[in-house]
Structures are given as structure tokens and as C-alpha cells.
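Given next are the chains, with one letter for each unit.
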Amino acid sequence: MSNSSSFNEFLLLAFADMWELQLLHFSLFLGIYLAALMGNGLIITAVTCDHRLHTPMYFFLLNLSILDLSLISTTVPKSMANSLWDTRAISYLGCAAQIFFFFFFISAEYYLLTIMAYDRYIAICKPLHYETLMGNRACVKMAVAAWASGFLYSVLHTANTFSIPLCQGNVVDQFFCEIPQILKLSCSDSYLREVGLLVVSVCLSLGCFIFIVLSYVQIFTAVLRIPSEQGRHKAFSTCLPHLAVFSLFLSTVIFAYLKPPSLSSPALDMVLTVLYSVVPPTVNPLIYSMRNKELQDAVRKLIQLLLFQHQ
């Protein structure tokens, strides 16, 4: 097969060959997916409905929850369906759509986490300018920039990846379609263009990473100068969830993509991919609500309201 258009479908990597294990995989993914739906759904509803949470920090958290929900919905339902129907197939268009949406949501989430670091930096290091710099219009513009950048990158990468001729079969060594796995199916040097684009993306990501690190150096310096212990605790409790979410997101992605080739095996690659594509969207709501009393109160009220309506 000399061209990518010769394929009607790709074959994804199955989690298991035995029906019982496939059923176990389906059940585990269903549990994780429902937890992600519930956690992110509660945060989206609580932030939307509770006027006390109509602040920049919660506005960005709302966007993060929407992105998390979209990200996990791109890969997990298809994998669950394949396990249930005992198939590995994904259509050519389905594969292209998975790559597009996965890259779109994951890159938009990274830019959003960078903006959230800026929000915390302004709140703690320049509190007197907070309302001026983080007004409603400015916040909306920043969120739109994060989504638009993710969309633009995704269009660029998806179009480039699928313009490359594929001649190494149609078996994708992953439980969903992702760019590095499609590039492995390419012929000769035609994939170098996409590799060049990925290098540019890595450089931009590195710029965001440096910005976040520098922001946190200044944040922690400012927090340690706060005289009261209560003030320090409050400042830390608004920053630590974001730092935990960012660290989880980045460490799993870095380990998945930058681990030594000698460590590579289909089973390990799959576990690492689950770690960065499935785990963060599920645990992010938990991380954010664990130390946040305002959010806990809003979610508790929402649950009570829902239970009261069903009685």
C-alpha cells in the first residue's frame, strides 16, 4: 500500500486477547470514564450556577474541566466499544478525528495551565492590579487564545500527518490514534516534515514551561514574605492544586515521549499513554476540590439540590 488513502481503516492495539480480560478492561475504563464525567460535570455545573465562583480562577477551572471531559471522551469510549464488540478497527476518518481532537484538547489544556499560572502570579504578586489585569474581557480573551492555539496546532499537525504516504501496514501500536504511531507507518523520509513541526511545538511548550516555573519562583518568594501563617496557608492552598495538576500532566507526557528507546515495549507504552491521557482528566477535579472550601461548598449544595429534586 503506497498511500494513506488506500486504507479504509486502522487496527488499534487491543488491551487483551481473552474475552474476560476485554470485559475487565471495559469495566475499568467505564468506571474511570464515569468518574471523569461526574467530577468534571460537577465542577462545570457548580462554577456555572454559583455566582460566588464567578471569578477568573474558577472561570479558567471551568475551561479546564471542559477540556478534560473532551480529552477523555476522544479516546476512552472508542476503546471501550472495541473491547465490548471484540474488534480492533477504527475507520480512516475516525482515526484522523481522534488525532485532531486529542491534539486540540491536550495542547489547549497546556496553554490554559500556563494562563492559570499567570492568574495565580498576578493574584499573589500583584494583588492591587488583579482586577485591572484579570477583568472579564481579559480572561475571555486568554481562554479564547488557548482554545484557538490548540485548534490551529491541531489542524496543522493532522493535515501534515495525513498528507504523508503510509506503507508500513495499518496497525497502530496504541489503544487510540496518535501522531507518533501514525508516523511509524510512513515511508522513508516523508515524515521529517511532521517531526520538524513537532520540534517547533516542543520549543513553544518549553517556553510555556519556563514561564510557569519562573511564575512559581516569584509566587513562592512572595508567599514566604507574608507575615501571617493563615495568609501563607491561604495563598498556598490556591496555588498547590494548579501546581499538582500541571506536574501530573507534564511528568506523564514527558515520560511517555522522552523515555529511552530501550525501555519501550507495547505494554509499557500503553500504560504510560493511559497515565497521561486518561488519569489527569479523571483526577484533576479531585485535586482542585480537595483543598478548596469554596468549591467544596458549591459542589455540596449542588448535590443536595439534585438529591432533593429526586425525592
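Just so we're clear, the structure is a prediction, and the values are computed from it rather than from any experiment.

> Mind showing me how you'd approach the overall build of the protein here?
If you tally the helices and strands in the protein, you get 11 helices and 2 strands. Moving toward the C terminus, one meets the helices and strands of the protein in the order β-α-α-β-α-α-α-α-α-α-α-α-α. Here the C-alpha radius of gyration of the protein, 21 Å, is about what a compact globule of 311 residues would show, namely 19 Å. Expressed as lengths along the three principal axes of its C-alpha atoms, the size of the protein is roughly 65 × 50 × 35 Å. Across the 311 residues of the protein, 46% fall into the buried class.

> Could you clarify how one ought to interpret the UniProt feature "transmembrane region" (unreviewed entry) in the protein in this entry?
Sites flagged by UniProt as "transmembrane region" (unreviewed entry) map to residues 23-46, 58-77, 89-118, 138-156, 195-223, 235-258 and 270-288. Along residues 195-223, the helical share is 100% and the strand share 0%, with 41 Å between the first and last C-alpha atoms. With 95% helix and 0% strand, residues 270-288 has its two end C-alpha atoms placed 27 Å apart.

> Is there a simple way to explain helix H1 (residues 19-49) in this structure?
A turn of α-helix holds 3.6 residues, and therefore any two residues three or four places apart point the same way. For H1, built from 31 residues, the straight-helix expectation of 45 Å at 1.5 Å per residue is met to within 8% by its first-to-last C-alpha distance of 44 Å. Every buried residue of H1 is listed here: Gln 22, His 25, Phe 26, Phe 29, Tyr 33, Ala 36, Gly 39, Asn 40, Leu 42, Ile 43, Ala 46 and Val 47.

> What should I look at first to understand the pattern of salt bridges in this one?
A side chain of one charge can pair with a side chain of the opposite charge if their charged atoms are brought near each other. A complete count under the given rule lists 4 salt bridges for this structure. Between Asp 297 and Lys 293 there is a salt bridge whose closest N-O contact spans 3.5 Å. In this pair, Asp 297 and Lys 293 both sit in helix H11 (residues 293-310), 4 residues apart, roughly one turn of the helix. For Lys 293, a relative accessible area of 58% gives the class exposed.

> For this particular structure, what's the right way to read the side chain of Gln 98?
For Gln 98, the position within the fold is in helix H3 (residues 92-125). Look at Gln 98 and you get buried, because its relative accessible area is 5%. A polar contact of 3.2 Å, which involves the side chain of Gln 98, links it to the backbone oxygen of Thr 74. Those residues in contact with Gln 98 that sit more than four places away from it in its chain are Thr 74, Thr 75, Lys 78, Ile 90, Phe 176 and Cys 177.

> Sorry, what's going on with the confidence of the model for the protein here?
Interpretation of the predicted coordinates at a detailed level should be avoided for regions scoring low in pLDDT. Scored by pLDDT, the protein comes out at a mean of 87, with 95% of its residues at no less than 70. With pLDDT under 50 throughout, residues 1-6 is counted as low confidence; its partners more than four residues away or in other chains account for 12 contacts.

> When you look at the environment of Ser 163 in this model, what are you seeing that I'm missing?
Within the element layout of this structure, Ser 163 appears in the loop between helix H5 (136-161) and helix H6 (179-183). Overall, Ser 163 belongs to the partly exposed group, its relative accessible area being 41%. Separated by 35 residues in the primary sequence, Ser 163 and Leu 128 place their C-alpha atoms 51 Å from one another. Of note is the side chain of Ser 163, whose polar atom sits 2.8 Å from the backbone oxygen of Asn 160.

> Is there a simple way to think about the packing of aromatic side chains in this case?
Geometrically, a pair of aromatic rings is defined through the distance of the ring centres and the angle of the planes. By the definition in use, this model includes 22 aromatic pairs. A centroid spacing of 5.4 Å and a plane angle of 85° characterise the contact between Tyr 92 and Phe 162, whose relative ring orientation is edge-to-face. Of this pair, Tyr 92 sits in helix H3 while Phe 162 is found in the loop between H5 and H6, placing the two residues 70 residues apart along the sequence. A single burial state applies to Tyr 92 and to Phe 162, both of which are buried.

> It is not clear to me how the environment of Phe 175 should be interpreted in this structure. Could you clarify?
Along the polypeptide, Phe 175 turns up in the loop between H5 and H6. C-alpha of Phe 175 to C-alpha of Gly 31: the two residues are 144 residues apart in sequence and 17 Å apart in space. With sequence-adjacent residues up to four places away left out, Phe 175 is seen in contact with Leu 12, Leu 13, Phe 15, Phe 29, Thr 75, Ser 79, Met 270, Thr 273, Val 274, Ser 277 and Val 278.

> What should I look at first to understand the environment of Phe 308 in this one?
As for its position among the elements, Phe 308 is in helix H11. As a C-alpha pair, Phe 308 and Tyr 111 span 197 residues in sequence and 39 Å in three-dimensional space.

> Any chance you could explain the packing of H1 against helix H2 (residues 56-84) here in plain terms?
The angle between the axes and the distance between the axes are what describe a pair of packed helices. In contact at an axis separation of 9 Å, H1 and H2 are set at 160° when each is read in the N-to-C sense. When the interaxial angle is binned, H1 and H2 end up roughly antiparallel. With respect to the hand of their crossing, H1 and H2 are arranged in left-handed fashion. Taken together, the residues of the contact of H1 with H2 break down into 22 nonpolar, 8 polar and 1 charged.

> Hey, could you run me through the nonpolar core in this one?
Side chains of a nonpolar character, in soluble globular proteins, are inclined to be buried together. Grouped together as the largest cluster of nonpolar side chains are 86 residues, with contacts concentrated most on Phe 10, Phe 60, Leu 64 and Leu 295. No other element matches the 21 residues that H3 contributes to this core.

> Would you explain the state of the cysteines in this entry?
Should the sulfur atoms of two cysteines be covalently bonded, the bond is a disulfide. In the structure shown here, the tally under the stated rule is 1 disulfide. One disulfide bridge connects Cys 95 with Cys 177, the sulfur atoms lying 2.0 Å from each other. One disulfide, between Cys 95 and Cys 177, carries an S-S torsion of -115° and so falls in the left-handed class. Of the two residues, Cys 95 is situated in helix H3 and Cys 177 in the loop between H5 and H6; the sequence distance between them amounts to 82 residues. Among the residues examined, Cys 95 registers a relative accessible area of 0% and is labelled buried.

Parameters at a glance
Residues numbered from 1 in each chain as written. Predicted model: local features only at pLDDT ≥ 70, side-chain atom pairs only at ≥ 80, totals over all residues. Heavy atoms only, no water. Helix = DSSP H or I, 4+ residues; strand = E, 2+ residues; numbered from the N terminus. Rg over C-alpha atoms; globule rule 2.2 N^0.38 Å. Buried < 20%, exposed > 50% of the residue type's maximum accessible area, 1.4 Å probe, protein only. UniProt positions renumbered as here; feature names shortened; annotations may be inferred. Expected span 1.5 Å × (residues − 1). Salt bridge = Lys/Arg side-chain N within 4 Å of Asp/Glu carboxyl O. Polar contact = N/O pair within 3.5 Å; in protein donor to acceptor, adjacent residues only side chain to side chain. Contact = heavy atoms within 4.5 Å. pLDDT = per-residue confidence, 0-100. Phe/Tyr/Trp six-rings, centres within 6.5 Å; stacked < 30°, edge-to-face > 60°. Axes fitted to C-alpha atoms, helices over the stretch in contact; angles between N-to-C directions. Parallel < 35°, antiparallel > 145°, perpendicular 65-115°, else oblique. Left-handed = near helix turned anticlockwise from the far one by under 90°. Nonpolar A, V, L, I, M, F, W, Y, C, P; charged D, E, K, R; others polar. Core = buried A, V, L, I, M, F, W, Y, C linked by side-chain atoms within 4.5 Å. Disulfide = S-S within 2.5 Å.

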